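# Summary of structural features
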Amino acid sequence: MTNDRSDATDDSHATDAADPLAWARDHMPVLASFADEYGETEPFDGYTVAVASHLESNTGVLIETVRAAGAEVLFAPSEPQSTHGDVVEALDSVEGITAFAEEGMSDEAFDEAQHALLEREPDFVLDDGCELIAKVHAEHPDVAEQVLGGGEQTTAGVTRLEAMDEEGVLEFPVYGVNDTPMKHFFDNVHGTGESSLTNVAISTNSIISGKTVVVAGYGYCGRGVARKARGMGAQTVVTEVDPRQALEAHMDGHRVTNMGEAAAEGDLFVTTTGNRDVLRREHFEAMSDGAMLANSGHFDVEIVVDDLEAMAESISHPKEGVTRYHLPEGRRLDLLAEGRLVNLTGPYSQGHPAEVMDTTFAMMFVAAHDMLTADERLSPGVYAIPDRLDRAVADRKLDTLDVTIDQLTERQREYYDDWEHADSSF
Ligand code: NAI
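Quantities reported herein were computed from a predicted structural model and do not represent experimental measurements. (Residues numbered from 1 in each chain as written. Predicted model: local features only at pLDDT ≥ 70, side-chain atom pairs only at ≥ 80, totals over all residues. Heavy atoms only, no water.)

## Remarks on helix α4 (residues 85–92)
Definition in use: Residue burial is assigned from relative accessible area. The probe radius is 1.4 Å, only protein chains are included, and a residue is buried under 20% of its type maximum, exposed over 50%, and partly exposed in between. Only DSSP runs of H or I reaching four residues or more are called helices, and only runs of E reaching two or more are called strands; each is numbered from the N terminus. Taken from the helix axis, the directions to the C-beta atoms give the arc we talk about. Throughout, a contact is declared for two residues whenever any of their heavy atoms are within 4.5 Å.
For α4, the set of buried residues is Gly85, Val87, Val88 and Leu91. Looking down the long axis of α4, one finds its buried residues gathered within 160° of arc, a one-sided arrangement. Contacts made by the buried residues of α4 are with α3 (57–68), β2 (72–77) and β3 (97–99).

Structure representation (structure tokens):
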């Protein structure tokens, strides 16, 4: 019998460590199609684009793609603990890309890096959590006046932007990329859902199946976490403050109750509210020994760590990424990733899978492309991405997946447009 693979050299234990972006690049075909399409025409030539995000390989591919389209790119973290040093190093070595980041930065160094970036006066800002946009307005107003526009990828960031807009302080137009269907239906639901549970399971070497998983918040992220936890065999409990979201969770088959009750029931708690103080002293007092606490909301304020510290007799670290609070009556509560985003800042975290970040970052790229190449500038404010651009990215993604869909016939189009449905021949 011949071995038809005998010519290939295969060291199956080696990875291509020289290029930390290679794997993500292979799994982000929509961004690759932008790099191909705009690599020659360079529509961003002459512009400086700032990117603040979790600095892992998927973000690296966005940064490369913006650079391929001709921009000078400056990048900084949006969270001090989610930076992958090898990715920063690889990007920083590319001409036209400058890093304001390193792995394991303190909160102070993170803050200083963002200021240093803003002092380079970017023309456009692609943001995560409204980090750079809030800072440029609060502390570099002269730079803010010159910025042409921005895009914001998270729920938390869009909420902050809307507050700025309402106060009348926003100096430039920003696309609320989070709110476009091609972002939140996939990234928030499937990306956060899967990557949060994956990281909880890996960090604790525990099984989700059979656990009682309490999910705080039944928005896009909470839906993803709760549905996937149930799919893995967990009993799911949802807490909410919005009656419609609570009803949806109930109709989806989850048990819905308030956190006061859920606290005593949960083996694993995942907060996904974008709000603060969701798990606090009164809840910690009711929790069982060994309960695990994880946060997937953007900021590390959903679980009140100060309360855990105040209640604990001692604190230990039984595993990397797990902080154990020993309470006086012998109960132990395990906090994952210090209450920061569990899917992005835990010891094994790689963020969302590249396939899902492909469409999120495609929408960020489209936000920059649409504003920077428009004939007319939008006035300051928060804008929805035009639906035609959202559909175009969906079409590209389906193409890369080799999925075909039907097209409306002429008669179907006319039927949609005819509100009277008067002609029976329709
Ligand atoms: P969303 O607005 O769709 O959902 C949040 C839900 O939490 C709402 O239904 C709200 O009623 C509920 N809520 C608010 N306060 C609550 C409380 N005290 N108790 C229970 N429920 C409460 O927002 P989305 O898109 O689900 O995002 C949630 C958070 O996750 C945001 O901070 C967002 O930035 C972040 N996020 C994190 C990602 C990750 O990779 N971990 C990815 C995408 C978003």
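Back to the write-up after that little detour.
## Observations regarding the sheet that holds strand β5 (residues 149–152)
Quick reminder of the rule: Being paired, for any two strands, means DSSP has found at least two bridges between them. Geometry is summarised by axes, namely lines fitted to C-alpha atoms with helices restricted to the contacting stretch, and by angles between N-to-C directions that run from 0 to 180 degrees.
Spatial ordering of the open sheet is given by β3-β2-β1-β4-β5-β6-β15, a layout of seven strands whose pairing is parallel. Only two strands of the sheet have a single neighbouring strand rather than two, namely β3 and β15 (381–383). The sheet shows a mean angle of 20° between the axes of neighbouring strands, direction not considered. Bridge count for β2 against β3 is three bridges, and the pairing is parallel.

## Topic: the site of the ligand
As a reminder, the rule being used: Only a single heavy atom is needed: when it lies within 4 Å of a molecule or strand, its residue is near that molecule or strand. Under the convention used here, a 1.4 Å probe and the Shrake-Rupley method define accessible areas, while residue burial counts only the protein chains that appear. We call Asp, Glu, Lys and Arg charged. Ala, Val, Leu, Ile, Met, Phe, Trp, Tyr, Cys and Pro are nonpolar, and the rest, Gly among them, are polar. Note that the domain bounds reflect an automated or database-derived domain assignment.
The local shell around the ligand holds 27 residues, among which Thr155, Cys221, Glu240, Ser296 and Asn343 are the closest. Considering the ligand on its own, with 870 Å² of exposed area, one finds that the protein chains cover 85% of that surface. Going through the elements one at a time, α8 (155–167), α9 (181–204), α10 (220–231) and α15 (342–345) are the ones with two or more residues in the shell around the ligand. The dominant element in the shell around the ligand, judged by the number of residues it contributes, is α9, at four residues. Grouping the constituent residues of the shell around the ligand by class yields six nonpolar, 17 polar and four charged. In terms of domain composition, the shell around the ligand takes at least three residues from each of domain 1 (16–179 + 352–401) and domain 2 (190–340).

## With respect to the sheet that holds strand β12 (residues 314–319)
Here eight strands make up an open sheet; going across it, the order is β9-β8-β7-β10-β11-β14-β13-β12 and the pairing mixed. Looking at the sheet topology across the chains shown, the edges are occupied by β9 (255–256) and β12.

## A few points about the pairing of β12
The pairing of β12 with strand β13 (residues 322–326) spans four bridges and is classified as antiparallel. Its bridge partner lying in β13, serine 316 is registered against arginine 324. As consecutive antiparallel partners, β12 and β13 are separated by two residues, and within that stretch glycine 321 has a phi angle of approximately 85°, a positive value.

## Observations regarding the nonpolar core
Using the following cut-off: To define a nonpolar core, start from buried Ala, Val, Leu, Ile, Met, Phe, Trp, Tyr and Cys residues and group those joined through side-chain atoms within 4.5 Å.
Counting residues in hydrophobic clusters, the biggest one holds 46 residues, and the most contacted among them are Phe34, Val66 and Phe75. When residues of this core are assigned to their parent elements, the largest contribution, 13 residues, is made by helix α16 (residues 354–372). Every residue in contact with valine 66, bar those within four places of it in the chain, is listed here: Phe44, Val49, Ala71, Val73, Leu126 and Phe365. Within the second largest apolar cluster, 24 residues are counted, among which are Ala50, Leu74, Val143 and Ala144.

## Structural notes on the domain arrangement of the protein chain
The condition is simple: Accessible-area loss on putting two parts together, using a 1.4 Å probe and summing over both, is the definition of buried area adopted here. Any carboxyl oxygen of Asp or Glu that lies within 4 Å of a side-chain nitrogen of Lys or Arg is treated as forming a salt bridge with it. Identification of polar contacts relies on pairs of N or O atoms within 3.5 Å, with a donor-acceptor requirement for protein atoms, meaning one able to donate a hydrogen and the other able to accept it, and with residues adjacent in sequence counted only if both atoms are side-chain atoms.
Splitting the protein chain by domain gives domain 1 (16–179 + 352–401) and domain 2 (190–340). Put simply, the middle of domain 1 and the middle of domain 2, counted by C-alpha atoms, are 30 Å apart. Listed by partner, the interface residues are 14 residues for domain 1 and six residues for domain 2. In this assembly, domain 1 packs against domain 2 so that about 770 Å² is buried in total across both faces, 60% of it on carbon and sulfur atoms. A per-residue breakdown of the area domain 1 buries against domain 2 is headed by Glu79, Ala156 and His352, which together make up 42% of the total. The interface formed by domain 1 and domain 2 includes two salt bridges. Among the salt bridges present, the one from aspartate 107 reaches arginine 340, with a minimum N-O distance of 3.8 Å. Taken together, the links from domain 1 to domain 2 amount to three residue pairs in polar contact (both at pLDDT 80 or more). In terms of residue class, the side of domain 1 that touches domain 2 is made up of four nonpolar, five polar and five charged.

## Remarks on the environment of alanine 394
With respect to the helices and strands, alanine 394 occurs in helix α17 (residues 387–401). Among the residues examined, alanine 394 registers a relative accessible area of 23% and is labelled partly exposed. Separated by 213 residues in the primary sequence, alanine 394 and proline 181 have C-alpha atoms spaced 9.4 Å apart.

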